[in-house]
Amino acid sequence: MINEVKKLMENLLNDEEYKEYISLYKEESYVNQDMLDSLLKKHLDLYYIFLKINILLYRYDTKSLNKELKDYKHYRDNTLYVDDIDIVMDYYFNNYSRCKKELSKIITYKLRPMSERKILKQIIDRQPSEEFKPFPFNDES
């Protein structure tokens, strides 16, 4: 599974629209709604994995979520592993302020269904001290 999650992350990081979005954000600290929506749609699988990881780690209620998100331990019939969690959460923590703003904008602009926005609100409301930190990971061992 790690190859798939790693590939999804690389696809995001190599996406030209994402690079433009990040550049705009760095210059103006501004979350562009249209670009955020477009990126969210293009990289929906990665977003779903992020939600699944949060549901798994923080035990958020899944009863109102779609079938795919209710199965928060798997992605496309593959089990999510600690390494997968680390890849996604490492990105989140390394971009914590921006990610929190983006999650807030997804809620404000109603870019996702209400059931998902409820989970996003819980993620945003977490205090930094409640966050699970990414694991120190060294591929060279």
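So, here is what we can say about the structure in this document. Quantities reported herein were computed from a predicted structural model and do not represent experimental measurements.

On to the nonpolar core, then. Ile-49, Tyr-92 and Ile-123 are the most contacted members of the largest nonpolar core, which has 44 residues in total. Those elements that provide at least two residues to this core are α1 (2-14), α2 (16-28), α3 (33-42), α4 (44-58), α6 (82-94), α7 (96-108) and α8 (114-125). Ranked by the residues each element gives to this core, the list is headed by α4, at ten residues. Other than its neighbours up to four places away in sequence, Tyr-92 contacts Phe-50, Cys-99, Lys-100, Leu-103, Ile-123, Arg-126 and Glu-131.

For the rest of this paragraph, the subject is the packing of α7 against α8. The N-to-C vectors of α7 and α8 enclose an angle of 150°; their axes lie 9 Å apart at closest approach. Comparing their axes, α8 and α7 come out roughly antiparallel. Crossing of α7 over α8 shows left-handed handedness. Together, Lys-100, Leu-103, Ser-104, Ile-106 and Ile-107 of α7 and Arg-117, Leu-120, Lys-121, Ile-123 and Ile-124 of α8 make up the contact between the two elements. Partitioning the contact of α7 with α8 into residue classes produces six nonpolar, one polar and three charged.

As a further point, take α6. Compared with the 18 Å implied by 1.5 Å per residue over 13 residues, the 18 Å span of α6 between its first and last C-alpha is a close match. Those residues of α6 that sit buried are Asp-84, Ile-85, Asp-86, Ile-87, Val-88, Met-89, Tyr-91, Tyr-92 and Phe-93.

Now for the pattern of salt bridges. Inspection of every chain in the model, using the stated rule, returns ten salt bridges. The closest approach of N and O atoms between Lys-19 and Glu-16, which form a salt bridge, is 3.4 Å. Of this pair, Lys-19 and Glu-16 both sit in helix α2, three residues apart, roughly one helical turn. Classification of Glu-16 as exposed rests on a relative accessible area of 57%. Between Asp-37 and Lys-41 there is a salt bridge, and its shortest N-O distance comes to 3.1 Å. Taken together, the residues Asp-37 and Lys-41, both in helix α3 and four residues apart, mark about one turn of the helix.

Another point: the environment of Ile-119. Relative to the assigned elements, Ile-119 resides in helix α8. Placed 59 residues apart in sequence, Ile-119 and Tyr-60 show a C-alpha to C-alpha distance of 7.0 Å. Non-local contacts of Ile-119, meaning those with residues more than four positions away in its chain, are made with Leu-51, Tyr-60, Asp-61 and Leu-65.

Rules used throughout
- Residues numbered from 1 in each chain as written.
- Predicted model: local features only at pLDDT ≥ 70, side-chain atom pairs only at ≥ 80, totals over all residues.
- Heavy atoms only, no water.
- Core = buried A, V, L, I, M, F, W, Y, C linked by side-chain atoms within 4.5 Å.
- Buried < 20%, exposed > 50% of the residue type's maximum accessible area, 1.4 Å probe, protein only.
- Helix = DSSP H or I, 4+ residues; strand = E, 2+ residues; numbered from the N terminus.
- Contact = heavy atoms within 4.5 Å.
- Axes fitted to C-alpha atoms, helices over the stretch in contact; angles between N-to-C directions.
- Parallel < 35°, antiparallel > 145°, perpendicular 65-115°, else oblique.
- Left-handed = near helix turned anticlockwise from the far one by under 90°.
- Nonpolar A, V, L, I, M, F, W, Y, C, P; charged D, E, K, R; others polar.
- Expected span 1.5 Å × (residues − 1).
- Salt bridge = Lys/Arg side-chain N within 4 Å of Asp/Glu carboxyl O.

Everything listed is a geometric property; what it means functionally is a separate question.
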